[in-house]
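Examining the three-dimensional arrangement
Now for the letters of each chain:
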Amino acid sequence: MSKPSIGFIGLGLMGGAMVGRLQDQGYALTILGNTDRTYLDAAIARGATEVSNAKEVAQASDIVMLCMGTSDHVEGRMRGAEGVIAGLRKGATIIDFGTSLPASSSTLSEEVANAGGHFLDAPLGRTPNHAKDGLLNIMASGDKVAFDAVEPVLKDLGENVFHLGAVGSGHTIKLINNFFGMTVANAMSEAFAMADVAGVDRAQLYDVMSAGPLHSGMMGFVKSYGVDNDPTQLAFTIKNAAKDVGYYARMTEDAGVDSIMVKGPLEALNTARDNGQADEMVSQMVDFYARRFKG
């Protein structure tokens, strides 16, 4: 059986790695990039077809994948005369791999259904390095029949592929996941900065903490920069972390609850973003806390 034709919108760090993986697996791709052509040109060199707008992507594709920064970006590519919905093939499936607001996903799902297609939200866990090898965690939700039809493609991209229920469930779980992860990252970053203030060795602090039940992968990512001066182990920018934690805060407000825990990491990430660290990696929040403590 021939593979479905795939359209991909958003070839940044993660999207570019995913496109490379899909090309490794023999899929034909129609692509639409952003301002950085690094991954776009690499995909074209391997046979992908570039088009000028999202409508043309949809017209050429059985499955349209989006990997974009914000809900506004996704909605901008989905709607309008040159949007995905305008060019949607009957029965085609749209997959939003970004981290978006659940309410936005629900609304887009209705609009796609009215146009004769299917919509899945499928945010991602792990890093672009995992994406290159098809080892992502994929948190999909939406119509189960549509999910079953595209699951083989998702399994070419992910080691762990989940179906989590009604549309929006994937983004809800991803936002909770990222809130927790960024809270841990900020706590570990501050712990290293406090070690400096207290005159203890960062590496020794980490060795003690990681020997007990506090040990986690996120702690290790922060240690890779805070001790080893390598920010690349978690390829996730501070501006994206601030966006995701901000979405979590908005989700709590929409649910009518007051989150105490979100306030600290959100303030720290927003402040770091607005003071020159937007494009640095989350592990470099260590520098933010170190500078703050020095006064």
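See the structure shown above.
Reading the values: rules and limits
In every chain, residue numbers begin from 1 and rise along the written sequence. For a predicted model such as this one, the threshold for reporting local features is a pLDDT of at least 70, and the threshold for listing and counting side-chain atom pairs is 80 or more; totals across whole chains, interfaces and linings nevertheless cover every residue. As a rule here, side-chain values come from all non-hydrogen atoms in the structure, and water together with hydrogens is ignored. Secondary structure is summarised from DSSP: a helix means a run of H or I of at least four residues, a strand means a run of E of at least two, and numbering begins at the N terminus for each. Throughout this description, buried means an accessible area under 20% of the type-specific maximum (1.4 Å probe, protein chains only), exposed means over 50%, and partly exposed covers the range between. By definition, residues are in contact when any of their heavy atoms lie within 4.5 Å. In this tally, Asp and Glu contribute negative charge and Lys and Arg positive charge; neither His nor the terminal groups of the chain are included. Charge positions come from single atoms, namely NZ of Lys, CZ of Arg, CG of Asp or CD of Glu. Think of a polar contact as two N or O atoms within 3.5 Å of one another; within protein, one of them needs to be a possible hydrogen donor and the other a possible acceptor, and neighboring residues in sequence only count if both atoms come from side chains. Patches in this entry comprise residues that are over 30% relatively accessible and not in a salt bridge; like charges within 9 Å are linked, as are nonpolar side chains (Val, Leu, Ile, Met, Phe, Trp, Tyr) within 5 Å. In short, Shrake-Rupley with a 1.4 Å probe defines the accessible areas, and a residue's cover is counted only from the protein chains shown. Salt bridges are defined by distance alone: a side-chain nitrogen of Lys or Arg within 4 Å of a carboxyl oxygen of Asp or Glu. In this description, a line fitted to the C-alpha atoms serves as the axis of each element, helices being fitted only across the stretch in contact, and the angle between N-to-C directions of two axes falls anywhere from 0 to 180 degrees. The sense of a crossing depends on the near helix, which, turned anticlockwise from the far helix by less than a right angle, makes the crossing left-handed and, turned clockwise, makes it right-handed. Residue polarity is assigned by list, with Asp, Glu, Lys and Arg as charged and Ala, Val, Leu, Ile, Met, Phe, Trp, Tyr, Cys and Pro as nonpolar; anything else, Gly included, falls into the polar class. Cavity means a closed set of points on a 1 Å grid over the protein atoms alone, one where a 1.4 Å probe fits but cannot get out, pocket means an open set with protein on both sides within 12 Å along at least 5 of 7 lines, and lining means a residue has an atom within 4 Å of a point. Grid points are joined across faces, edges and corners, and a volume is the space filled by probe spheres set on the points. One bridge is not enough; two strands pair if DSSP finds at least two bridges between them. Orient the strands so they point away from the viewer; a crossover is then right-handed if the path from the first strand over the helix to the second runs clockwise. Take the buried residues of types Ala, Val, Leu, Ile, Met, Phe, Trp, Tyr and Cys, join any two whose side-chain atoms come within 4.5 Å, and each joined set is a nonpolar core.

With that settled, consider the overall build of the chain. A tally of regular secondary structure across the chain gives 14 helices and nine strands. In terms of overall dimensions, the chain has a C-alpha envelope of 65 × 45 × 35 Å along the principal axes. Taken across its 295 residues, the chain has 51% of its residues classed as buried. Counted over contacts in the chain with a minimum sequence separation of 6, partners at least 24 positions apart contribute 66%. One way to put it: in the chain the 24 positive side-chain charges average out to a point 2 Å from where the 34 negative ones average out.

Below, the discussion takes up the environment of Ser106. Position of Ser106 relative to the elements: it lies in helix H6 (residues 102–114). A sequence separation of 61 residues divides Ser106 from Val167, and the C-alpha atoms of the two residues are 6.0 Å apart.

What follows is about the side chain of Ser61. Here Ser61 is to be found in the loop between helix H3 (54–59) and strand E4 (63–66). Within the structure, the side chain of Ser61 is placed 3.1 Å from the backbone nitrogen of Gly7, a separation counted as a polar contact. In this structure the side chain of Ser61 is engaged in a polar contact, spanning 2.6 Å, whose partner is the backbone oxygen of Val57. Each residue touching Ser61, except ones within four places of it in the same chain, is listed here: Ser5, Ile6, Gly7, Thr30, Arg89 and Ala92.

For the rest of this paragraph, the subject is a nonpolar patch on the surface. A cluster of nonpolar side chains, Met194, Val197 and Phe293, forms an exposed patch at the surface whose accessible area comes to about 260 Å². With respect to the helices and strands, the residue Val197 is situated in helix H9 (residues 169–198).

We now examine the packing of helix H12 (residues 238–254) against helix H13 (residues 263–277). Contact geometry for H12 and H13: axes closest at 9 Å, N-to-C directions at 145°. In this structure, H12 crosses over H13, and the sense of that crossing is left-handed. Contacts from Ile238, Lys239, Ala241, Ala242, Val245, Gly246 and Ala249 in H12 reach Leu266, Leu269, Asn270, Ala272, Arg273 and Gln277 in H13. When grouped by side-chain class, the residues that make up the contact of H12 with H13 number eight nonpolar, three polar and two charged.

What follows deals with the layout of surface pockets. By volume, the largest pocket is sized at about 1400 Å³. By residue number, the principal contributor to the lining of the largest pocket is H9, which donates seven residues. Classifying every residue of the lining of the largest pocket by side-chain character gives 20 nonpolar, 22 polar and eight charged. When its volume is computed, the second largest pocket comes out at roughly 260 Å³. Pro4, Asp62, Ile63, Ala149 and Val150 are, among the 19 residues lining the second largest pocket, the residues nearest its centre. When residues in the lining of the second largest pocket are grouped by element, the largest group, six residues, is from helix H8 (residues 144–157). Partitioning the lining of the second largest pocket into residue classes produces 11 nonpolar, four polar and four charged.

Bridge count for strand E5 (residues 93–96) against strand E6 (residues 118–121) is four bridges, and the pairing is parallel. Bridged to Ile95 within E6 is Leu120. Crossover connection from E5 via H6 to parallel E6: handedness right-handed. One ladder, built from two bridges, connects E6 with strand E8 (residues 136–142); its direction is antiparallel. Bridging across to E8, Leu120 finds its partner in Gly142.

Let us look at unusual backbone geometry. Positive phi values are uncommon outside glycine, yet Arg126 reaches one of about 85°. Tracing the sequence through the fold places Arg126 in the loop between strand E7 (124–125) and helix H7 (128–132). Taking relative accessible area as the criterion, Arg126 reaches 37% and is therefore assigned partly exposed.

Our next topic: the nonpolar core. A general feature of soluble globular proteins is that nonpolar side chains tend to end up buried together. Judged by nonpolar contacts, the single largest core of 34 residues is most densely connected at Met182, Leu269, Val282 and Met285. Contributing elements (two or more residues each) for this core: H9, helix H11 (217–226), H12, H13 and helix H14 (285–294). Counting residues in hydrophobic clusters, the runner-up holds 33 residues, among them Leu22, Tyr27, Ile63 and Ala146.

Let's shift gears to the pattern of salt bridges. Where side chains of opposite charge bring their charged atoms close, a pairing between them can arise. Inspection of the entire model under this criterion finds 15 salt bridges. With a shortest N-O distance of 3.5 Å, Lys155 and Glu151 are connected by a salt bridge. Here Glu151 and Lys155 lie together in helix H8, a separation of four residues that amounts to about one turn. A salt bridge links Lys263 to Asp258; the nearest nitrogen and oxygen atoms lie 2.7 Å apart.

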